[in-house]
Amino acid sequence: MSGMPTHDVGDVRQAWGRVTGWLEQHAPAVFAALGGPGSATAVRATETRMGLVLPTEMRQWLLANDLDAGRRPDSRSPLVALGCGGVLPTGGLLLGLTDIERVHLHKVAMAEREPSADPDCPSWRREWVPVSAESDGFYGRFLDIRTGKVGSWTEGAFPRDAEHASLAAFFQAVADRLEGGDAAGTAGRRMPDGGPQAEAIRLWARANGYLVNDRGRVPAAVREAYEASR
């Protein structure tokens with residue numbers, strides 16, 4: 001592995017502190033689920049198994065909170081086994097080290113088993129490190145450790161590799177949504193998939209090339225893309 005990559009991305013600790021500060025006041029159960037400080041030894045072990053060196057800002061975030069809190073998934077766990085819900089206003093589970101590794105290795109293996117016909121538009125790159133995902137791993141966000149930018153992947157569409165300038169910018173956007181007041185009723189629980197708004201999102205998703213699975217669930221990444229298009 002090469003030296004640790006760094007990027008001029010702003011202060012991820014300050015951005016993450018805004019998120020945790022809001023959760024501590026408004027969603028204490030979610031805040032408690034974030035756990036205490038992470039372990040540098042655990043981060044290094046995960047890097048070794050993934051064959052990567054994480055950027056400084058991602059290491060800082062992972063050392064701020066240990067989302068796994070010493071837990072290990074069992075054989076019946078979904079791909080995202082220990083993720084923390086209720087942090088991201090648009091849904092999805094925030095990942096700790098265990099799930100980051102699980103999702104990353106799964107996506108790498110899938111991309112190697114079924115390579116994209118267009119090498120310029122791969123379904124996954126080894127340098128993409130998951131940050132959040134839904135439990136099945138079909139939808140989520142990743143940090144590109146080459147550029148420091150945050151992108152997203154969605155079932156049935158090419159990944160978007162530069163939606164936020166940095167991990168700090170991503171968490172600043174999360175904090176903006178939380179502090180803006182529109183998340184107060186959704187923090188700590190999944191957003192509902194029923195009702196007229198959900199149906200409007202499904203129609204928009206199909207018209208714009210996104211796939212919604214046969215259970216009709218509205219994935220977090222699709223919901224967020226819909227909101228960004230308005």
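Residues numbered from 1 in each chain as written. Predicted model: local features only at pLDDT ≥ 70, side-chain atom pairs only at ≥ 80, totals over all residues. Heavy atoms only, no water.

Chemist: I'd like a rundown of the pairing of strand E4 (residues 150-154), residues and numbers included.
Modeler: Burial within E4 is extensive, with 5 of its 5 residues counted as buried. Residues Val 150, Ser 152 and Thr 154 point to one face of E4 and Gly 151 and Trp 153 to the other, with burial holding for every one of them. Note that strand E3 (residues 140-144) and E4 share 4 bridges and pair antiparallel. Bridged to Phe 142 within E4 is Gly 151. In textbook terms, the turn of a hairpin is the stretch between consecutive antiparallel strands, and for E3 and E4 this stretch comprises 5 residues, one of which, Gly 148, has a positive phi near 80 degrees. Here E4 hands over to strand E5 (residues 157-164) after 2 residues, with Gly 156 in that stretch at a positive phi of 85 degrees. (Buried < 20%, exposed > 50% of the residue type's maximum accessible area, 1.4 Å probe, protein only. Helix = DSSP H or I, 4+ residues; strand = E, 2+ residues; numbered from the N terminus. Pairing = 2+ DSSP bridges.)

Chemist: Pulling in residues and values, what's your account of the nonpolar core?
Modeler: With 46 residues, the main nonpolar core has Val 19, Met 58, Trp 61, Val 87, Leu 94, Leu 167 and Phe 171 as its most contacted residues. Listing elements by their share of this core, those giving two or more residues are helix H1 (12-26), helix H3 (40-50), helix H4 (56-64), helix H5 (97-113), strand E2 (128-133), E3, E4 and helix H6 (167-179). Sorting elements by how many residues they give to this core places H6 first, with 7 residues. If sequence neighbours within four positions are ignored, Val 87 has contacts with Trp 16, Val 19, Leu 23, Val 30, Leu 34, Leu 94, Val 174 and Leu 178. (Core = buried A, V, L, I, M, F, W, Y, C linked by side-chain atoms within 4.5 Å. Contact = heavy atoms within 4.5 Å.)

Chemist: Please provide a residue-by-residue account of the sheet that holds E3, values included.
Modeler: Ordered by their spatial adjacency, 5 strands build an open sheet running E1-E2-E3-E4-E5, and the pairing between neighbours is antiparallel. Every other strand in the sheet has two partners, leaving strand E1 (93-94) and E5 as the edge strands with one partner each. Where H5 meets the sheet, its contacts fall on E2 and E4, and the angle it forms with E2 comes to roughly 120 degrees. Packed on one face of the sheet, H6 meets E1, E2, E3, E4 and E5 and runs near 90 degrees to E5. (Axes fitted to C-alpha atoms, helices over the stretch in contact; angles between N-to-C directions.)

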